[in-house]
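The primary structure of each chain is shown beneath.
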Amino acid sequence: MTEQDALVAVMIAVSASDSEMETTELLKINTAINTLPVFAGYDVDRLSTVSQVVFDLFDQEDGLDALFGLVREALPERLFETAYALACDVAASNAHLNESELRLLEEIRYELNLDRLHAAAIERGARARHLTL
């Protein structure tokens, strides 16, 4: 798994956490991949492979732990906040966060050992970007 694959896996995991991948979430993932500098040169054909890995791990008893192991192994610490920001953007993209998304975001914060104040700032930024009238 590459660094970019790990970032994609985190976004897919948040979207799939409630067993329903909404169109707005998928659009947010595709937009991130197509526009953010961290994804420069990413082979979008890997998206289906990474998605399948996440789905397969979600079907296993300790799959979430395995997913976080893969993510921590692939990502340098300097991209931990980026991973969390992408996860928050996907979760906020449909204007409502359900309980499973909130739990997964909490788990991501814990697994990536993010400072609570930094995480709160990232969350607030995602909320501000996705407000509706």
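Everything here concerns the structure above.
Residues numbered from 1 in each chain as written. Predicted model: local features only at pLDDT ≥ 70, side-chain atom pairs only at ≥ 80, totals over all residues. Heavy atoms only, no water.

Q: I tried to follow the overall build of the protein chain on my own but got confused; where do I start?
A: What the protein chain contains, in helices and strands, is seven helices and zero strands. Tracing the protein chain from N to C terminus, the helices and strands come up as α-α-α-α-α-α-α. A globule of 133 residues ought to have a C-alpha radius of gyration of about 14 Å, and the protein chain, at 14 Å, matches this closely. The principal-axis extent of the C-alpha atoms belonging to the protein chain is close to 40 × 30 × 30 Å. Taken across its 133 residues, the protein chain has 45% of its residues classed as buried. A separation of at least 24 residues holds for 73% of the contacts in the protein chain among residues at least 6 apart in sequence. Accessible area for the protein chain stands at about 7,400 Å²; split by element, carbon and sulfur atoms hold 51% of it. Between the mean site of the 10 positive side-chain charges and the mean site of the 24 negative ones, the protein chain shows a separation of 9 Å. (Helix = DSSP H or I, 4+ residues; strand = E, 2+ residues; numbered from the N terminus. Rg over C-alpha atoms; globule rule 2.2 N^0.38 Å. Buried < 20%, exposed > 50% of the residue type's maximum accessible area, 1.4 Å probe, protein only. Contact = heavy atoms within 4.5 Å. Areas by Shrake-Rupley, 256 points an atom, 1.4 Å probe, with all protein chains shown as cover. Lys, Arg positive; Asp, Glu negative; His and termini not counted. Charge placed at Lys NZ, Arg CZ, Asp CG, Glu CD.)

Q: It is not clear to me how the packing of helix H3 (residues 46-58) against helix H4 (residues 63-74) should be interpreted in this structure. Could you clarify?
A: Angle between the axes and distance between the axes: these two values describe a pair of packed helices. Where H3 contacts H4, the axes come no closer than 7 Å and their chain directions differ by 145°. Counted together, Val53, Val54, Leu57 and Phe58 of H3 and Gly63, Leu64, Ala66, Leu67 and Leu70 of H4 form the full contact between these two elements. In terms of residue class, the contact of H3 with H4 is made up of eight nonpolar, one polar and no charged. (Axes fitted to C-alpha atoms, helices over the stretch in contact; angles between N-to-C directions. Nonpolar A, V, L, I, M, F, W, Y, C, P; charged D, E, K, R; others polar.)

Q: Help me understand the packing of aromatic side chains, please; the structure alone is not making it clear to me.
A: Geometrically, a pair of aromatic rings is defined through the distance of the ring centres and the angle of the planes. The full count for this structure, using the stated rule, is one aromatic pair. Centroid distance Phe39 to Tyr42: 6.0 Å. Interplanar angle 65°. Geometry classified as edge-to-face. Here Phe39 matches Tyr42 in class, with each residue buried. (Phe/Tyr/Trp six-rings, centres within 6.5 Å; stacked < 30°, edge-to-face > 60°.)

Q: Could you clarify how one ought to interpret the packing of helix H1 (residues 3-16) against helix H2 (residues 23-35) in this entry?
A: Orientation of H1 relative to H2, taken along the N-to-C sense of each, is 170°, at an axis distance of 10 Å. In terms of their interaxial angle, H1 and H2 are classed as roughly antiparallel. Touching Val8, Met11, Ile12 and Ser15 of H1 are Glu25, Ile29, Ala32 and Ile33, all from H2. Grouping the constituent residues of the contact of H1 with H2 by class yields six nonpolar, one polar and one charged. (Parallel < 35°, antiparallel > 145°, perpendicular 65-115°, else oblique.)

Q: I'm lost on the pattern of salt bridges in this one. Help?
A: Pairing between side chains of opposite charge can happen when their charged atoms approach one another. Under the counting rule described, the total for this entry stands at five salt bridges. Residues Arg72 and Glu111 are paired through a salt bridge, measuring 2.4 Å at the closest nitrogen-oxygen approach. Placement of the pair is Arg72 in helix H4 and Glu111 in helix H6 (residues 99-111), with a sequence separation of 39 residues. Judged by its relative accessible area of 16%, Glu111 falls in the buried class. What you see here is one network of salt bridges that share partners, running through Arg109, Arg116 and Glu123. (Salt bridge = Lys/Arg side-chain N within 4 Å of Asp/Glu carboxyl O.)

Q: Before we go on, may I ask you to explain the side chain of Asn94 in this structure?
A: Relative to the elements of secondary structure, Asn94 occurs in the loop between helix H5 (80-92) and H6. Separated by 3.2 Å, the side chains of Asn94 and Glu22 make a polar contact. In terms of polar contacts, Asn94 uses its side chain to reach the side chain of Glu25, at 3.4 Å. The contact partners of Asn94, leaving out residues within four places of it in the chain, are Glu22, Thr24, Glu25 and Glu101. (Polar contact = N/O pair within 3.5 Å; in protein donor to acceptor, adjacent residues only side chain to side chain.)

Q: Can you walk me through H2 in this structure?
A: Owing to its 3.6 residues per turn, the α-helix brings residues three or four apart onto one side. With 13 residues, H2 ought to run about 18 Å at 1.5 Å a step, and its terminal C-alpha atoms sit 18 Å apart, in line with that. Buried residues belonging to H2 abut H1, H3, H5 and H6. (Expected span 1.5 Å × (residues − 1).)

Without other data, these values stay purely geometric and don't point to any function.
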